[in-house]
Amino acid sequence: MTEAILLVGGKGTRLRPLTVHTPKPMVPAAGVPFLTHQLARARAAGVDHIVLATSYLAEVFEPYFGDGSDLGLHLEYVTEEEPLGTGGALRNVASRLHSAPGDPVLIFNGDILTGLDIPALVDTHRTSGADVSLHLTRVDDPRAFGLVPTDSTGRVSAFLEKPQTPEEIVTDQVNAGAYVFNRSVIDTIPAGRPVSVERETFPGLLADGAHLQGMVDSTYWLDLGTPQAFVRGSADLVLGRAPSPAVPGRCGERLVLETADVAPDAKLTGGSVAGPRSRIGAGARIDGSAVLADAVIEPGARIRDSLIGAGARIGARTVLDGAVVGDGAVVGADNELRDGIRVWCGAAIPAGAVRFSSDE
Ligand code: GDD
Ligand code: MG
């Protein structure tokens with residue numbers, strides 16, 4: 001059997017305007033809570049026991065996923081009283097693992113959408129004989145990530161979290177947030193205090209001469225840390241660019257949940273989702289966007305690359321481009337909202353109140 005730890009805690013709830021009461025792993029992406037995709041991908045790779053390490057609003061996970069049997073998994077939940085950091089969270093769940101000291105344990109950051117070949121990472125770990133193996137991906141700007149240079153054999157030579165100066169940026173390879181740890185390495189993380197796996201554990205292991213192995217590839221990879229990235233990820237799941245066995249229905253231009261009510265001449269494209277009980281009015285155009293449960297899009301609205309929260313209402317002819325509209329918010333008719341705007345949960349914008357383009 002293979003087991004895994006999924007990190008879904010920490011201080012950040014960066015989707016807050018959409019999800020004041022819901023941590024982002026539970027926001028629907030392609031029709032199901034985002035976490036479902038990670039759990040289903042792990043299951044498909046042969047993982048059967050997963051411990052969710054959580055620290056905030058943890059009580060929303062267990063009522064939804066239960067013991068995991070619906071997904072063919074044995075799921076356990078461990079909640080930190082105070083966030084213990086990524087390394088502290090691992091140490092904190094060590095007693096729940098069944099693995100022997102030399103066994104491999106998979107670890108996943110809970111906010112990553114990826115096509116990672118999980119068995120290939122485990123293989124890399126076995127054949128290299130490493131203590132820890134890391135999935136690496138290449139990005140244009142590594143400053144928001146952990147920088148991981150490797151030698152010609154893939155062995156990690158340094159780990160530099162959130163590099164800032166040009167001298168620090170020696171490679172475009174970054175930590176993609178999926179690891180294989182030998183069980184015994186998890187047991188060496190100090191207990192009972194916050195530990196960052198990126199700032200303390202990895203640099204410490206390297207200084208002690210441990211073997212960290214990198215596996216770099218060019219598979220689909222996206223950090224869902226911002227609402228815009230979340231919208232992109234949802235659309236890519238629907239389009240089939242991001243592979244997940246948990247997408248409910250066939251991949252394609254759109255995903256219309258059974259209970260959604262979409263006018264015959266409304267157009268959904270670019271991986272858009274019409275969530276449960278949502279209503280999409282006549283002539284509406286929705287591209288690359290997610291319309292969550294019970295939201296209403298009135299006739300003639302034009303929506304691109306946007307997230308429409310549960311129960312929100314978008315007025316007739318309103319234009320949204322790169323917008324996040326919080327749960328229950330109301331955007332009146334004939335508005336134009338663009339470029340990263342976030343409408344708070346429950347807020348109301350009157351008809352004809354905001355425009356970017358000039359009057360006609
Ligand atoms: N249980 C628990 N407790 N989980 C935590 C805690 C904690 O105190 N802190 C963070 N996490 C979880 C988050 O929920 C997330 O799933 C994961 O650990 C990573 O934390 P983030 O806060 O999202 O870190 P980041 O995105 O800035 O950077 C991390 O991910 C990058 C890839 O997206 C680092 O691992 C980087 O090195 C990496 O490149
Ligand atoms: Mg993150």
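Everything discussed here concerns the structure shown above.
The structure contained in this document is the topic of the report that follows. (Residues numbered from 1 in each chain as written. Chains lettered and ligands numbered in written order. Predicted model: local features only at pLDDT ≥ 70, side-chain atom pairs only at ≥ 80, totals over all residues. Heavy atoms only, no water.)

Right, let's talk about the overall build of the protein for a bit. The number of helices and strands found in the protein is 7 helices and 30 strands. By the compact-globule yardstick of 21 Å for 360 residues, the protein fits well, its C-alpha radius of gyration being 21 Å. With the C-alpha coordinates of the protein rotated into their principal frame, the extents come out at 65 × 50 × 35 Å. Counting all 360 residues of the protein, 54% fall into the buried class. The contacts of the protein with a sequence gap of at least 6 include a subset with a gap of at least 24, amounting to 52%. Total accessible area on the protein stands at roughly 15,100 Å², and carbon and sulfur atoms take up 50% of it. (Helix = DSSP H or I, 4+ residues; strand = E, 2+ residues; numbered from the N terminus. Rg over C-alpha atoms; globule rule 2.2 N^0.38 Å. Buried < 20%, exposed > 50% of the residue type's maximum accessible area, 1.4 Å probe, protein only. Contact = heavy atoms within 4.5 Å. Areas by Shrake-Rupley, 256 points an atom, 1.4 Å probe, with all protein chains shown as cover.)

Attention shifts here to the site of ligand 1. Lining the immediate surroundings of ligand 1 are 26 residues, of which G9, G85, N175, E198 and D223 lie closest. Interatomic distance of 2.8 Å between a backbone N/O atom of G110 and an oxygen atom of ligand 1. Contacts to ligand 1 include E198, whose side-chain N or O atom sits 2.6 Å from an oxygen atom. In the complex, the protein chains occlude 87% of the 730 Å² of accessible area that ligand 1 would expose alone. Going through the elements one at a time, strand 4 (47-54), helix 3 (85-93), strand 11 (173-182) and strand 13 (221-223) are the ones with two or more residues in the shell around ligand 1. Broken down by element, the residue count for the shell around ligand 1 peaks at 3 residues, all from helix 3. (Near = heavy atom within 4 Å. Polar contact = N/O pair within 3.5 Å; in protein donor to acceptor, adjacent residues only side chain to side chain.)

It is worth spelling out the sheet that holds strand 25 (residues 319-321) at this point. The 5 strands are arranged 16-19-22-25-28 in an open sheet whose pairing can be described as parallel. Each edge of the open sheet is held by one strand with a lone partner, namely strand 16 (267-269) and strand 28 (336-338). Taken over all neighbouring pairs, the strand axes of this sheet differ in orientation by 5 degrees on average, direction set aside. (Pairing = 2+ DSSP bridges. Axes fitted to C-alpha atoms, helices over the stretch in contact; angles between N-to-C directions.)

The parallel open sheet is built from 6 strands, whose spatial order is 14-17-20-23-26-29. Single-partner strands in this sheet number two, and they are strand 14 (254-256) and strand 29 (342-343). The pairing of strand 23 (residues 307-308) with strand 26 (residues 324-325) spans 2 bridges and is classified as parallel. By the bridge assignment, L307 is partnered in strand 26 with V324. Across the face of the sheet, helix 7 (residues 227-239) comes into contact with strand 14, strand 17 (272-274), strand 20 (290-291), strand 23, strand 26 and strand 29 while running at roughly 85 degrees to strand 17.

Looking at the secondary structure, you find I107 in strand 6 (residues 104-109). For the pair formed by I107 and F181, sequence separation is 74 residues and the distance between their alpha carbons is 7.4 Å.

Structurally, S234 is set in helix 7. By relative accessible area, which is 2% here, S234 ends up buried. From its side chain, S234 meets the backbone nitrogen of A30 in a polar contact 3.1 Å long. Apart from residues lying up to four places away in sequence, S234 is in contact with A29, A30, G271, V273 and A290.

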